[in-house]
Protein chains: 2
Amino acid sequence: MSRQLHFNLFLHDTGHHEASWRLPGSDPHANLSLAAHQHLARVAEDAKFDSVFLADSPVLWSDPGRRPAGKLEPTLLLAALAVSTSRIGLIATASTSYNEPFNLARRFASLDHLSGGRAGWNIVTTAGDAAARNFGLQDQPLHRTRYERADEFLQVSTKLWDSWADDAIVADRTSGVHARSELVRAINHSGEFFRVDGALNVPRSPQAYPLLVQAGSSADGRGFAAKWAEAVFTAQPTLAESQEFYADIKRRAAEAGRDPDHVVVLPGIVPVIGATAAEARELDAELDRLIAPQYAVATLAHTLRVDPERLRLDEPLPDDLPSEDEIEGAKSRRTLIVDWARRDHLTVRQLIGKLGGGRGHRTFAGTPVQVADTIQHYFENGAADGFNIMPAVLPSGIEKFAGEVVPILQERGLFRTEYRGTTLREHYGLPRPAHRFVREGALA
Amino acid sequence: MSRQLHFNLFLHDTGHHEASWRLPGSDPHANLSLAAHQHLARVAEDAKFDSVFLADSPVLWSDPGRRPAGKLEPTLLLAALAVSTSRIGLIATASTSYNEPFNLARRFASLDHLSGGRAGWNIVTTAGDAAARNFGLQDQPLHRTRYERADEFLQVSTKLWDSWADDAIVADRTSGVHARSELVRAINHSGEFFRVDGALNVPRSPQAYPLLVQAGSSADGRGFAAKWAEAVFTAQPTLAESQEFYADIKRRAAEAGRDPDHVVVLPGIVPVIGATAAEARELDAELDRLIAPQYAVATLAHTLRVDPERLRLDEPLPDDLPSEDEIEGAKSRRTLIVDWARRDHLTVRQLIGKLGGGRGHRTFAGTPVQVADTIQHYFENGAADGFNIMPAVLPSGIEKFAGEVVPILQERGLFRTEYRGTTLREHYGLPRPAHRFVREGALA
């Protein structure tokens, strides 16, 4: 079988466009609704998507006056969705800066057991002082420090997931031996950030580890991805930038001694689908009209670390913005926005329209065939192994994509018509992690 | 309607007897099985139980060689069970010593949204050095310090649950106002253990707070319960001790300025049900024969902080045991065990038989009518508002209790035949917490 596309649905309430909740017929309470999430997950599963995904930050992220700001905790919401689905992967974002490895490793192992091997973890270091201030800190740790902690967090987590051998449990009623104790090991980790004795109190799960996913695109983020990630979400506004990023991640993975095919690159796209190209463009424009500019300007100013007064709606960005090096927050996002505005000579108003729609991701507006053509073009030209689908409006955007774009790609032999495996890693064509204690001979 | 009994099912794999997994027909993998937990929750819900409950500790608690030691993380498991049930309450244990308030308050608010108002939190401080060593510490914090942290943890958590007013969300599409920002407040907590700015990123949930449950019976534990708990689980081996505990908790709650009826006291009982009293006793004895004494002695020695060599199976406990004051672990449990052994003149072998069956809880062995009679006697004589049901063997123990004991109590008018409310607090007859910002007039 030829190389196959992979699709993830990025779950996001009423849609990724920040004004989507204001459309007639939207459910403005979808962010807190189990039923709304169950529906989205089932539509994606019926379309044979690899996975669904929830972003997250442990902070009230946006102004609750302006858009739905409440977010159910992702690992719990996905545990509920595990019961409502049977095959699709379930990827939760969680922060290495504001969790303890024992607790988080345990939650992902539990989700993997509950879902029969469908858990994934989008690993984030969480930018922003506001989050730090929910956890006893005055300011966020330095960008570099956050990544150092993330690296040790992964060392601890993988040791914990390896603390039970796959065949530790024997459950022999007659002898009264439930597990072979010698195959359950303390990890006795002691490092710069963590000291954790272990073993984990959850036996090795169907996938061994949750699928490890990463989305930071700074130099630190790419280095981390090359070392740890099996799937990478990324925001790339053009084909050329997607190709550059794709090649860079594969090269870095190879340099780290890994098989580049074992890092799946998934750019985010915002498909806006119309019966005609004109209809698609009209939907796009309607959404942009619903953005409240004063809030969008404040958000942009925060990301760029400038005084909002200096951003004029009908003028370009100021020339003297802080550089990426001066920012301890989401570095790569700042650079993406600035480069985009300068390259396309955008005014602040035009820029916030584009950011409101896809937050820097590529918008594909067109007919189903046009959207399928673009996806295929990226896939066959070194820009993507698949896509992180971010419909501007939900549930209609994924219903249209599933109903009208997926069948075209299936007919072209580029996307599965049935699931072949049962675990999330099997969907993405990735190997199950071997048990390191066994591999290292310690338990021979 | 006359005063009504309340029942909680304490979920525990193959049963509360430590040898239950060795019985023919048991599922020795039940501890990791969603289906096994779904079945138990549904049996309890069909019997109109108030709630199900999961104990927990963030550590590999028992020797995995001896019995099923893996435990799925409770908030995730209950999020899954929220989908599989519709009315029964869902109580998860979580530690105030090894969590951050923002993360845990958010998980319980999320569980309450996902379940439509059925979340409960059994608040524990987590005894033992082994748990501490999974979180960067060498030894557990002092007993008193753990309770001080727990108290501040509850202050922070309740502030976070009050950080959104009940009517904050307006979701007005036309004006683009999703929430009234002035009804979403930072909490700006700064105390001895925690600094948390807030607001929570989950709006106020159906029950406002999860039902607050507590189970420690030391002086510190009782003081904490009187201040915070709405339901109390307790291990009391005799009627007289249950009566003393019941009166003490109600008195302490009144002294703390609370309505004593708003603290529901639920002693744990281990019902062993037979068609005849002789059959019930035989089941009890069969289980005890399956206990492996060398492991049970090691556990007992650990709890009492003595050298295992000093415990002889056919002799009484040594006289010179460490006192409760010398123990920083589970103080009340140590005292319960020592008092019981001395009062009933038990040998070590007899003691571990009784502990293996119910871990210090009262075993009611008998016919369905005998078990119902004892429950009624406790209920009507100031010893209990209901019971935490801990079957020695699962699922058979809860199936028998639901099928044979519950109907007798329903016929006697002591237990509901239908749910009347939809939330966990409504099942227990408790009021929904008022919004403190509103009550204090700050948002008038």
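These remarks concern the structure in this document. (Residues numbered from 1 in each chain as written. Chains lettered and ligands numbered in written order. Predicted model: local features only at pLDDT ≥ 70, side-chain atom pairs only at ≥ 80, totals over all residues. Heavy atoms only, no water.)

**So, the overall build of chain A**
So the rule is basically this: Only DSSP runs of H or I with at least four residues qualify as helices, and only runs of E with at least two residues qualify as strands; both kinds are numbered from the N terminus onward. Only C-alpha atoms enter the radius of gyration, while the globule expectation follows 2.2 Å times N to the 0.38, with N the number of residues. Residue burial is assigned from relative accessible area. The probe radius is 1.4 Å, only protein chains are included, and a residue is buried under 20% of its type maximum, exposed over 50%, and partly exposed in between. Each accessible area is a Shrake-Rupley result for a 1.4 Å probe, and residues are judged covered by the shown protein chains and nothing else. For the charge count, each Lys or Arg is scored as positive and each Asp or Glu as negative, with His and the chain ends excluded. Where a charge lies is defined by one atom per residue type, namely NZ (Lys), CZ (Arg), CG (Asp) and CD (Glu).
Looking only at helices and strands, chain A features 15 helices and 13 strands. For chain A, the C-alpha radius of gyration of 22 Å lies close to 22 Å, the compact-globule estimate for 444 residues. Taking the principal axes of the C-alpha coordinates as reference, chain A spans close to 75 × 50 × 40 Å. In chain A, buried positions account for 61% of the 444 residues. Here chain A has roughly 16100 Å² of accessible surface; of this, 50% comes from carbon and sulfur atoms. Each charge sign in chain A was given a centre, from 49 positive and 57 negative side chains, and these centres are 2 Å apart.

**Quick look at the packing of aromatic side chains**
What describes a pair of aromatic rings is the distance from one ring centre to the other and the angle between the planes of the rings. Going by this rule: Centres within 6.5 Å make a pair out of two Phe, Tyr or Trp rings, where for Trp the six-membered ring is used; the pair is then stacked when the planes are under 30 degrees apart, edge-to-face when over 60, and tilted otherwise. Two conditions define a charge sitting above a ring: the NZ of Lys or the CZ of Arg must be within 6 Å of the ring centre, and it must be within 35 degrees of the ring normal.
This model, assessed by the stated rule, comprises 38 aromatic pairs over all chains. Ring centres 4.8 Å apart and planes at 15 degrees place the aromatic pair Tyr98(A) and Phe135(A) in the stacked group. Of this pair, Tyr98(A) sits in the loop between β3 (89–95) and α3 (101–114) while Phe135(A) sits in the loop between α4 (129–132) and α5 (143–161), placing them 37 residues apart in sequence. Given the relative accessible area of 4%, Tyr98(A) is considered buried. Residue Phe135(A) is classed as buried on the basis of its relative accessible area of 10%. Summarising the aromatic geometry, the rings of Phe108(B) and Trp121(B) are spaced 5.3 Å apart at their centres and angled 20 degrees between planes, so their arrangement reads as stacked. Note that Phe108(B) is positioned in helix α3 (residues 101–114) and Trp121(B) in strand β4 (residues 119–124), a separation of 13 residues in sequence. A single burial state applies to Phe108(B) and to Trp121(B), both of which are buried. An aromatic cluster of three or more residues is present, and its members are Phe108(A), Trp121(A), Phe153(A), Trp161(A), Phe193(A), Phe194(A) and Tyr209(A). Over the ring of Phe379(A) we find Arg3(A), and its NZ or CZ is 3.9 Å from the ring centre.

**Let's talk about the pairing of strand β9 (residues 211–214) of chain B**
The test is simple: Whether a crossover is right-handed comes down to one check: with the strands pointing away from the viewer, does the path from the first strand over the helix to the second run clockwise; if it does, it is right-handed.
Of the two faces of β9(B), the one lined by Leu211(B) and Val213(B) and the one lined by Leu212(B) and Gln214(B) are each fully buried. For the segment spanning β9(B), helix α6 (residues 219–228) of chain B and strand β10 (residues 231–234) of chain B, crossover handedness is right-handed.

**Description of unusual backbone geometry**
With omega at -5 degrees, the peptide bond leading from Gly198(A) into Ala199(A) counts as cis. If you trace the backbone, Ala199(A) turns up in the loop between β8 (195–198) and β9 (211–214). In the segment running from Leu394(B) into Pro395(B), the intervening peptide bond is cis, with an omega of 0 degrees. As for its placement among the helices and strands, Pro395(B) is situated in the loop between β13 (386–389) and α13 (396–411).

**Concerning the environment of Arg343(B)**
Residue and element names in this part refer to chain B. Test applied: Whether two residues touch is decided by their heavy atoms; if any such pair falls within 4.5 Å, the residues are in contact. Pairing of N or O atoms within 3.5 Å defines a polar contact, subject to two protein rules: one partner must be a possible hydrogen donor and the other a possible acceptor, and residues neighboring in sequence count only if both atoms are side-chain atoms.
By secondary structure assignment, the location of Arg343 is in helix α10 (residues 331–343). Taking relative accessible area as the criterion, Arg343 reaches 36% and is therefore assigned partly exposed. Not counting chain neighbours up to four residues away, the residues in contact with Arg343 comprise Pro237, Thr238 and Glu241. In terms of polar contacts, Arg343 uses its side chain to reach the side chain of Asp344, at 3.2 Å.

**A look at the relation of the copies chain A and chain B**
Which entries qualify depends on this criterion: Fitting of the copies onto one another was done by least squares over C-alpha atoms, counting residues only where both copies have pLDDT of at least 70.
Once turned by 180 degrees and shifted 0.0 Å along the axis, chain A lies on chain B with an RMSD of 0.0 Å. With respect to symmetry, the two chain copies, as superposed, fit the operation of a two-fold axis. Distance from the rotation axis, computed per C-alpha, reaches its smallest value in chain A at Ala80(A): 2.1 Å.

**A closer look at the environment of His6(A)**
Topologically, His6(A) is positioned in strand β1 (residues 6–10). In this structure, the C-alpha to C-alpha distance between His6(A) and His427(A), residues 421 residues apart in sequence, is 8.0 Å.

**Notes on the nonpolar core**
What counts here: Among buried residues, the Ala, Val, Leu, Ile, Met, Phe, Trp, Tyr and Cys ones that are joined through side-chain atoms within 4.5 Å form a nonpolar core.
In this structure, Phe49(A), Ile375(A), Phe401(A), Phe49(B), Ile375(B) and Phe401(B) are the most contacted members of the largest nonpolar core, which totals 162 residues. Phe401(A) has contacts with Phe7(A), Phe49(A), Pro271(A), Ile273(A), Val371(A), Ile375(A), Ile389(A) and Val406(A), leaving out every residue within four places of it along the chain.

**Here's the deal with the pairing of strand β7 (residues 186–190) of chain B**
The following threshold applies: Two strands qualify as a pair provided DSSP detects at least 2 bridges between them.
Residue alternation in β7(B) divides its side chains into a buried set, Ile187(B) and His189(B), and an unburied set, Ala186(B), Asn188(B) and Ser190(B). Adjacent in sequence and paired antiparallel, β7(B) and strand β8 (residues 195–198) of chain B are bridged by four residues.

**Examining the side chain of Arg204(A)**
Residues and elements named next belong to chain A. Position of Arg204 among the secondary structure elements: in the loop between β8 and β9. Here the side chain of Arg204 touches Asp166 through a polar contact of 2.7 Å, side chain to side chain. A polar contact is formed between the side chain of Arg204 and the backbone oxygen of Pro433, at a distance of 2.8 Å.

**Considering the interface of chain A and chain B**
To be explicit about the condition: The quantity reported as buried area is the accessible area (1.4 Å probe) lost by two parts once they are put together, taken as the sum for both. Salt bridges are defined by distance alone: a side-chain nitrogen of Lys or Arg within 4 Å of a carboxyl oxygen of Asp or Glu. Put simply, Ala, Val, Leu, Ile, Met, Phe, Trp, Tyr, Cys and Pro go in the nonpolar bin, Asp, Glu, Lys and Arg in the charged bin, and everything else, Gly too, in the polar bin.
With 73 residues of chain A in contact, the opposing surface of chain B contributes 73 residues. The three residues of chain A that bury the most area against chain B are Leu76(A), Arg173(A) and His178(A), which together make up 13% of that side's buried surface. Joining chain A to chain B, the criterion identifies two salt bridges. Residue Arg106(B) pairs with Asp56(A) through a salt bridge whose shortest N-O separation is 2.6 Å. The interface formed by chain A and chain B contains 40 residue pairs in polar contact (both at pLDDT 80 or more). Elements with a minimum of two residues in the side of chain A that touches chain B: α1 (34–46), α2 (74–84), α3, β5 (169–172), β6 (177–179) and β8 of chain A. A class-by-class count of the residues in the side of chain A that touches chain B yields 35 nonpolar, 23 polar and 15 charged.

**Details of the environment of Glu73(B)**
Within the secondary structure, Glu73(B) is located in the loop between β2 (51–54) and α2 (74–84). Since its relative accessible area comes to 5%, Glu73(B) is described here as buried. A sequence separation of 20 residues divides Glu73(B) from Thr93(B), and the C-alpha atoms of the two residues are 9.3 Å apart. What Glu73(B) contacts, discounting residues up to four positions off in sequence, is Arg106(A), Arg107(A), Ser110(A) and Arg107(B). Here the side chain of Glu73(B) touches Thr75(B) through a polar contact of 2.6 Å, side chain to side chain.

**Describing the pattern of salt bridges**
Considering all chains together, one arrives at 56 salt bridges over all chains under this definition. A single salt-bridge network, built from bridges that share partners, covers Arg222(A), Glu244(A), Asp248(A), Arg251(A), Arg252(A) and Glu255(A).

**Some remarks on the packing of helix α12 (residues 368–380) of chain A against helix α13 (residues 396–411) of chain A**
All names here are of chain A. This is how the line gets drawn: Lines fitted to the C-alpha atoms define the axes, with helices restricted to the stretch that makes contact. Angles between their N-to-C directions range from 0 to 180 degrees. Convention used here: angles under 35 degrees read as roughly parallel, angles over 145 as roughly antiparallel, angles from 65 to 115 as roughly perpendicular, and any remaining angle as oblique. Crossings are sorted by hand: turned counterclockwise from the far helix by less than a right angle, the near helix makes the crossing left-handed, and turned clockwise it makes it right-handed.
The N-to-C vectors of α12 and α13 enclose an angle of 55 degrees; their axes lie 9 Å apart at closest approach. Here α12 lies oblique to α13, going by the angle between them. The way α12 lies across α13 gives a crossing that is right-handed. Every residue of α13 that contacts α12 at Pro368, Val369, Val371, Ala372 and Ile375 is listed here: Phe401, Glu404, Val405, Ile408 and Leu409. Counted by class, the contact of α12 with α13 contains nine nonpolar, no polar and one charged residues.

**What to know about the packing of helix α1 (residues 34–46) of chain B against α2(B)**
Residue and element names in this part refer to chain B. Running from N to C, α1 and α2 cross one another at 55 degrees; their axes reach a closest spacing of 10 Å. Viewed along their axes, α1 and α2 adopt a mutual orientation that is oblique. For α1 against α2, the interelement crossing comes out right-handed. Contacts between α1 and α2 involve Leu34, His37, Gln38, Ala41 and Arg42 on the former and, on the latter, Leu77, Ala80, Leu81 and Ser84. Of the residues that constitute the contact of α1 with α2, the class distribution is five nonpolar, three polar and one charged.

**Things to note about the side chain of Gln207(A)**
All names here are of chain A. For Gln207, the position within the fold is in the loop between β8 and β9. Its relative accessible area of 1% is what places Gln207 among the buried residues. Look past the residues within four positions of Gln207 in its chain and what remains in contact with it is Asp112, Gly117, Arg118, Ala119, Thr423, Leu424, Arg425, Arg432 and Pro433.

**A word on α12(A)**
Residue and element names in this part refer to chain A. Put simply, the test is: What a helix is expected to span follows from its residue count: subtract one and scale by 1.5 Å. Throughout, the arc means that of the directions going from the helix axis to the C-beta atoms.
With 13 residues, α12 extends 18 Å from end C-alpha to end C-alpha; this agrees with the ideal 18 Å at 1.5 Å per step. Residues of α12 that are buried include every one of Pro368, Val371, Ala372, Ile375, Gln376, Tyr378 and Phe379, and no others. The arc that holds every buried residue of α12, seen down its axis, measures 160 degrees, which confines them to one face.

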